[in-house]
Amino acid sequence: MGKVRITETVFRDAHQSLLATRMRTRDMLPIAEKLDEVGFFSMEVWGGATFDSCIRYLNEDPWERLRALKLAMPNTPLQMLLRGQNLVGYRHYADDLVVKFVERAAKNGVDIFRIFDAVNDIRNMTVAIKAAKDMDAHVQGCVCYTTSPVHSIGQFTKMAVELADLGCDSLCIKDMAGLILPHDAYDLVASMKEETDIPIDLHSHCTSGMAPMSFLFGCEAGVDILDTAISPLGWGTSHPPTESMVAALEGTPYETGLDLKLLTEIKRYFEKLMEVYAPLFNPISARVDTNVLVYQVPGGMLSNLVSQLVEQKALDKYEEVLAEIPRVREDLGYPPLVTPTSQIVGSQAVLNVLTGERYKAVPKEVKDYVKGLYGRSPGEINPKIKAEILEDEESIDVRPADLLAPEYEKMKAEAEGKGIVRTDEDVLTYALYPQVAEKFLKGEAKEEVLKKAASADLQTGVIGGKPAAFNVEVDGEAYLVKVAAAGISVEAAEPKAPKDGVTVPMQGVIIRYLVKKGDKVSKGDAVAVLEAMKMENNVSANKDGVIAEIYAEVGATVSPGDILMSID
């Protein structure tokens, strides 16, 4: 085997970056055996957004995916991306849940756990690291690379030493936005090699176009592993192409020893597959964009940001949102932009732009971050913004999970009470994503259709197989009118509140109401919680009064301007 090893990302980060994490397991399995023959250091196949995407969009069990891939690729270590105390979710989970998740992931097929924390707070990584070591798994500790007035090579190296001291088997420089300059890649790898004696993996994205050069400089400094993606899912916000890097390093002291002929055969499979996923592929995610050096949006976040803006019918605000992201990041103390902080910063930037007023709408996750519930921010949070967001609440400085009571048994009892779980894995799925998982585990989820809605759909009054809905106003009274072609059932028109009802600011799903009919409320009170862009957003009362009527059910998908309730 060659001097430099390769981690192939096509089954995880590559499609997360270019296809909003929508690749189906059935499209992975036919080529898995060939990938297993290559001799990769590892195949990254799980974790990150794949878990969420499986149950939210694909109607797939992520645990079944893991087991199927393990069976299909017995010779190659399978790797997952684990967000430390956040696991594969968007909040911190209790220690007992972290330990149980890591244990079951290892039992189901994960050989290498790449563990990171979004704000590089090692306190949020220790429980997951110990749990993976207890399962005799390989632990790859991550340093999230970013640039800001509060980050430096010395600081990153110090973190790498601490991770090595915790027993990590290898280290990863995780450059999720493709920011690392070639000479900085050299200096950082050299610095870490000097201070530690475990293998170092360099992970970067091609968003800025610099990653292949940075990889070569990393090789010259002694890097051991590079993350690449087979070329049909390489470049852009994804990674340097596997075949290109293998070819470029041939005949050098860093050659990989991998078979280009076999890689070309694999490439042809994914070229055909990309035709299937063409509706999800947005050219914005594929182009080189040196503006990433300013706004620092990582690959997966960029394609999801585009999807979110399309969902909100606000793609025309794309440049405006990109300009807002670095301002929000500075306000929040320069967190590295990686899940979940990328969603936290990105969603807040979207809300700032869509509402036309900065921090008018603040998701629960942003408030939790400012409070310290995601760990220590790298720099100081803007005191004015902090006071505005927290109002009368105090921030914390302890390890966030120290404040969490054990939750696995509680979630297990809750799920068993609903009759929706059969295995420990089902319980973990429910514990991580209660709202989404309940529908999935009940068998009520539907696989998202890849085909774009055709204009003919509008002519027949059907969109995505559902009746088209229109708001119609008659004599000052608003009505929701559903129109469908003959033979398609349609509910009766539903009377809605007058124009001054409580409306939603963005598209999302109503996950709970905080009030009921007859409750007294004051203007500004939170009355409902809307899940949008994977964040929980409060919907506020627009005036003082009493809740007269509630028009949308929990679980309903709502669009900007839809009326949830009326207040008398």
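You'll find the chain entered in an unreviewed UniProt entry as Sodium-extruding oxaloacetate decarboxylase subunit alpha, with Candidatus Methanocrinis natronophilus given as the organism.

Caption draft 1: Focus on the overall build of the chain. In terms of regular secondary structure, the chain is built from 22 helices and 20 strands. Residue burial in the chain is summarised as follows: out of 568 residues, 56% are buried. Counting only carbon and sulfur atoms, one obtains 51% of the accessible surface of the chain, whose full area is about 22900 Å².

Caption draft 2: Spotlight on helix 19 (residues 408-417). If you check which residues of helix 19 are buried, you get Y408, M411 and A415. The arc that holds every buried residue of helix 19, seen down its axis, measures 70°, which confines them to one face. Residues of helix 19 that are exposed and point more than 90 degrees away from the buried face comprise E409, K410 and G417. Looking at the buried residues of helix 19, the elements they touch are helix 5 (95-108), helix 20 (424-432) and helix 21 (434-441).

Caption draft 3: Structural view of the packing of aromatic side chains. Applying the stated criterion to the full structure yields 10 aromatic pairs. Judged by centre distance (5.3 Å) and plane angle (90°), the rings of Y269 and F270 are edge-to-face. Through successive ring pairs, a cluster of aromatic residues spans W46, F51, W63, F101 and Y433. Lying over the aromatic face of Y57, R22 brings its terminal NZ or CZ to 3.6 Å of the ring centre. Sitting over the face of the ring of F116, K174 holds its NZ or CZ atom 5.3 Å from the ring centroid.

Caption draft 4: Geometry of the side chain of S53. Within the secondary structure, S53 sits in helix 3 (residues 50-58). Taking the relative accessible area as the measure of exposure, S53 reaches 3% and is therefore buried. Filtering out sequence-adjacent residues up to four positions away, S53 remains in contact with A20, T21, R22 and L58.

Caption draft 5: Structural detail: the environment of T252. Tracing the sequence through the fold places T252 in the loop between helix 10 (242-249) and helix 11 (260-276). For the pair T252 and K3, spaced 249 residues apart in the sequence, the C-alpha separation amounts to 9.6 Å.

Caption draft 6: Quick peek at the packing of helix 2 (residues 25-38) against helix 4 (residues 62-72). One can describe the packing of helix 2 onto helix 4 by two numbers: an axis separation of 9 Å at closest approach and a directional angle of 25°. Judged by the angle between their axes, helix 2 and helix 4 are roughly parallel. Every pair of crossing elements has a handedness; the one defined by helix 2 and helix 4 is right-handed. Counted together, T25, M28, L29, A32, E33 and D36 of helix 2 and R65, A68, L69 and A72 of helix 4 form the full contact between these two elements.

Caption draft 7: Broad picture of the pairing of strand 6 (residues 170-175). Counting buried residues along strand 6, 6 of its 6 residues qualify, which places the element largely inside the surrounding structure. Burial along strand 6 is two-sided: S170, C172 and K174 and L171, I173 and D175, pointing in opposite directions, are all buried. Note that strand 5 (residues 138-144) and strand 6 share 5 bridges and pair parallel. By the bridge assignment for strand 6, V143 is matched with I173. Of the crossover connections in this fold, the one passing from strand 5 over helix 7 (residues 153-165) to the parallel strand 6 is right-handed. Bridge count for strand 6 against strand 7 (residues 200-204) is 5 bridges, and the pairing is parallel.

Caption draft 8: Broad picture of unusual backbone geometry. Positive phi is not limited to glycine here, since D136 has a value of about 60°. In this structure, D136 sits in the loop between helix 6 (126-134) and strand 5. Note on D136: relative accessible area 73%, which makes it exposed. For Y334, which is not glycine, the phi dihedral falls at a positive 60°. Mapping Y334 onto the fold places it in the loop between helix 15 (318-331) and helix 16 (341-355).

Caption draft 9: Looking closely at the sheet that holds strand 8 (residues 225-228). Spatially, 8 strands are ordered 1-2-3-4-5-6-7-8 in a closed barrel, and the strand pairing comes out parallel. Neighbouring strand axes in the sheet, compared pairwise and without regard to direction, differ in orientation by 30° on average. Examined bridge by bridge, strand 7 and strand 8 share 2 bridges and lie parallel to one another. Paired with L202 across the strands is L226, a residue of strand 8. Of the strands in this sheet, strand 5, strand 6 and strand 7 touch helix 8 (residues 182-195), which is tilted by about 155° from strand 7. Contacts between helix 10 and the sheet are confined to strand 1 (5-8) and strand 8, with strand 8 contributing the most and set at about 145° to the helix.

Caption draft 10: Inspection of the sheet that holds strand 13 (residues 502-503) at higher detail. Spatially, the 4 strands line up as an open sheet ordered 13-20-18-15, and their pairing is antiparallel. On the outer flanks of this sheet lie strand 13 and strand 15 (520-521), each paired with one strand and no other. With 2 bridges connecting them, strand 15 and strand 18 (residues 545-550) associate as antiparallel partners. Bridging from a neighbouring strand, K520 pairs with V546 of strand 18.

Rules of the game
Residues numbered from 1 in each chain as written. Predicted model: local features only at pLDDT ≥ 70, side-chain atom pairs only at ≥ 80, totals over all residues. Heavy atoms only, no water. Helix = DSSP H or I, 4+ residues; strand = E, 2+ residues; numbered from the N terminus. Buried < 20%, exposed > 50% of the residue type's maximum accessible area, 1.4 Å probe, protein only. Areas by Shrake-Rupley, 256 points an atom, 1.4 Å probe, with all protein chains shown as cover. Arc of directions from axis to C-beta. Contact = heavy atoms within 4.5 Å. Phe/Tyr/Trp six-rings, centres within 6.5 Å; stacked < 30°, edge-to-face > 60°. Lys NZ or Arg CZ within 6 Å of the ring centre and 35° of its normal. Axes fitted to C-alpha atoms, helices over the stretch in contact; angles between N-to-C directions. Parallel < 35°, antiparallel > 145°, perpendicular 65-115°, else oblique. Left-handed = near helix turned anticlockwise from the far one by under 90°. Pairing = 2+ DSSP bridges. Right-handed = clockwise from strand over helix to strand, strands pointing away.

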